[in-house]
Amino acid sequence: MADTSDRISQLKIDRNAPAKAERSVLLPGIAVAVVLAGLAWWLFFSSGSATVLVETDIARKPPSAAAANSVLDASGYVVARRQTTVSSKVTGKVVQVFVEEGMRVEKDQVVALLDDTTQQAQLSLTKAQADSARALLDEIEAQLRNAELERDRLRDLAARNLASQSSLDAAEATFDQLSARLQTGRENVKVAMRNIAIAEDSLSNMTIKAPFAGMVVSKNAQPGEMISPISAGGGFTRTGICTVVDTESLEIEVDVNEAYIQRVEAGQLVTATLDAYSDWRIPAEVIAIVPTADRQKATVRVRIGFLERDERVLRDMGVKVAFMGSDMPAVTADDVQGVMIAGEGLRSDTSGDFVWLVKNGSVEKRSVQIGGHRDRPQVLIVNGLTIGDTIVRSSEAPLAAGYSIKTN
């Protein structure tokens, strides 16, 4: 029993006993390892060994003074304020068409002829009726002259009691009757002449003319087809001969976000660039701001007029416009100093505006001076960069000077 008690007592832990040497060494070792890891991390990043994925942009020469100093950019289309589909007043069959796409026509130029057989016959009939009315009028005038002579003769005889009163009364009645018929005949001649005018107008409707000078942009009918001012259904009747556009009425329509419409005003100078001619700057100005907004798109329509006309400007062409501010300097494109960069690449801190300049695979902070407005897709940098410099447009992580970068 005593043996058993001694053995149990040996199992007790003496808490006052000193710790083993290896335990006392372990904790300081862990602390040193943590410090060394932190130091290695700091040295790794401060030495520029961090690699961040970025998107870059190239500093470019400003395309023009207007683009560099515009207060707002927008895009739209060239439209024609005056265009028409030339048709006829009546239904008829096309006999000849004298125009083709791309042909220029003058005002009242004949563009097509319709079958006028019926109208020619109607005009001949009304002319015959007018001739008949005039002939009847001549006959009545002759009868009236004879009746007038008969009446005067009987008046003389009756004054000498050589003719009865009844004979004189009959002569008077005949004269009055013929006078009335003469007036009716004259009115009938007027009616006949108006019928001729109507028939001539119907005949003239068979000749289709251009309502104004312009360019033919589409030819819709061919000889032998039927044409009508209203659709007859079934697709066999045309509603127009051709479409004519007044090239002098071409203008630009753009939709401006309503949040920026305060930057636009009537008479404001604009520089337009056609998508088809990206190097051609066309001077223009704001004609009017349409006083209504599009609820679905939250935009306001702006009309812009060309200050110079050119045959290269065509209807429905895509166009980009730059609305110029009142403080824009009067310089040419070659006089614009600085470079253009993406607005996303411009950054600011307490020391001012700067960009991350890419050099030898790493970045450095470069202070810059901007010109114009900063809240635009393209920003003018007047000092701090040169043409061809590469900057960071966006990065997947925050940057610091000396960071290595990798482009996607």
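Residues numbered from 1 in each chain as written. Predicted model: local features only at pLDDT ≥ 70, side-chain atom pairs only at ≥ 80, totals over all residues. Heavy atoms only, no water.

Trainee: Could you clarify how one ought to interpret the pattern of salt bridges in this entry?
Mentor: As a working rule, side chains carrying opposite charge can pair if their charged atoms are close by. Tallied over the entire structure, the rule returns 23 salt bridges. The partner of Arg 60 in a salt bridge is Asp 57, and the shortest N-O contact between them spans 3.3 Å. What makes Arg 60 partly exposed here is its relative accessible area of 47%. We note a salt bridge from Lys 190 to Glu 187, for which the minimum N-O separation is 3.7 Å. Remark: Glu 187 and Lys 190 occur in helix 5 (residues 165-204); sequence separation between them is 3 residues, near one turn of the helix. Judged by its relative accessible area of 46%, Lys 190 is partly exposed. With relative accessibility at 35%, the residue Glu 187 sits in the partly exposed group. Connected through shared salt-bridge partners, Glu 253, Asp 255, Lys 297 and Arg 301 make up one network. (Salt bridge = Lys/Arg side-chain N within 4 Å of Asp/Glu carboxyl O. Buried < 20%, exposed > 50% of the residue type's maximum accessible area, 1.4 Å probe, protein only. Helix = DSSP H or I, 4+ residues; strand = E, 2+ residues; numbered from the N terminus.)

Trainee: Explain helix 4 (residues 117-159) here, please?
Mentor: Because an α-helix completes one turn every 3.6 residues, residues spaced three or four positions apart along the sequence face the same direction. Between its first and last C-alpha, helix 4 extends 63 Å over 43 residues, near the 63 Å set by a 1.5 Å rise per residue. Taken from the residues just after helix 4, Asn 161 is the one with a positive phi, measuring 60 degrees. (Expected span 1.5 Å × (residues − 1).)

Trainee: Hey, could you run me through the nonpolar core in this one?
Mentor: Nonpolar side chains in soluble globular proteins tend to end up buried together. In terms of nonpolar packing, the biggest core is built from 28 residues, with Val 254, Val 302, Ile 304, Val 321 and Phe 323 touching the most fellow members. Elements supplying a minimum of two residues to this core: strand 2 (70-80), strand 12 (250-257), strand 13 (269-274), strand 14 (281-294), strand 15 (299-306) and strand 16 (318-324). No other element matches the 5 residues that strand 2 contributes to this core. Among the nonpolar cores identified, the runner-up in size contains 18 residues, and Val 97, Leu 114, Phe 212 and Cys 242 belong to it. (Core = buried A, V, L, I, M, F, W, Y, C linked by side-chain atoms within 4.5 Å.)

Trainee: Sorry, what's going on with the environment of Gln 369 here?
Mentor: Counting through the fold element by element, Gln 369 comes out in strand 21 (residues 369-371). By relative accessible area, Gln 369 is classed as partly exposed at 44%. Along the backbone, Gln 369 and Asn 383 are 14 residues apart, and their C-alpha atoms lie at a distance of 5.0 Å.

Trainee: How should the sheet that holds strand 4 (residues 92-97) be read in this particular structure?
Mentor: The pairing of strands in a sheet happens through backbone hydrogen bonds and is either parallel or antiparallel. Taking strand neighbours across the sheet as the criterion, the 5 strands line up as 7-6-4-9-10 in an open arrangement whose pairing is mixed. With partners counted over all chains shown, the strands left at the sheet margins are strand 7 (207-209) and strand 10 (237-238), one partner each. Summarising the sheet, strand 6 (residues 110-114) and strand 7 pair through 3 bridges and their orientation is antiparallel. Its bridge partner lying in strand 7, Ala 112 is registered against Ile 208. (Pairing = 2+ DSSP bridges.)

Trainee: Would you explain the packing of helix 4 against helix 5 in this entry?
Mentor: For any two helices packed against each other, the geometry comes down to the angle between their axes and how far apart the axes lie. At a minimum axis distance of 7 Å, the contact between helix 4 and helix 5 shows a crossing angle of 165 degrees. By the criterion of interaxial angle, the relationship of helix 4 to helix 5 is roughly antiparallel. Here the hand of the crossing between helix 4 and helix 5 comes out left-handed. Of the residues belonging to the contact of helix 4 with helix 5, the class tally is 21 nonpolar, 13 polar and 11 charged. (Axes fitted to C-alpha atoms, helices over the stretch in contact; angles between N-to-C directions. Parallel < 35°, antiparallel > 145°, perpendicular 65-115°, else oblique. Left-handed = near helix turned anticlockwise from the far one by under 90°. Nonpolar A, V, L, I, M, F, W, Y, C, P; charged D, E, K, R; others polar.)

Trainee: Could you clarify how one ought to interpret the pairing of strand 15 in this entry?
Mentor: Consecutive side chains along a regular strand alternate between the two faces of the sheet. Most of strand 15 is tucked away: 7 of the 8 residues are buried. As judged from the 7 bridges shared by strand 12 and strand 15, these two strands associate in the antiparallel manner. When the bridges of strand 15 are listed, Glu 253 appears paired with Arg 303. In this sheet, strand 15 lies alongside strand 14 in antiparallel orientation, the contact comprising 7 bridges. Each residue of the ladder has a partner; that of Asp 294, found in strand 15, is Thr 299.

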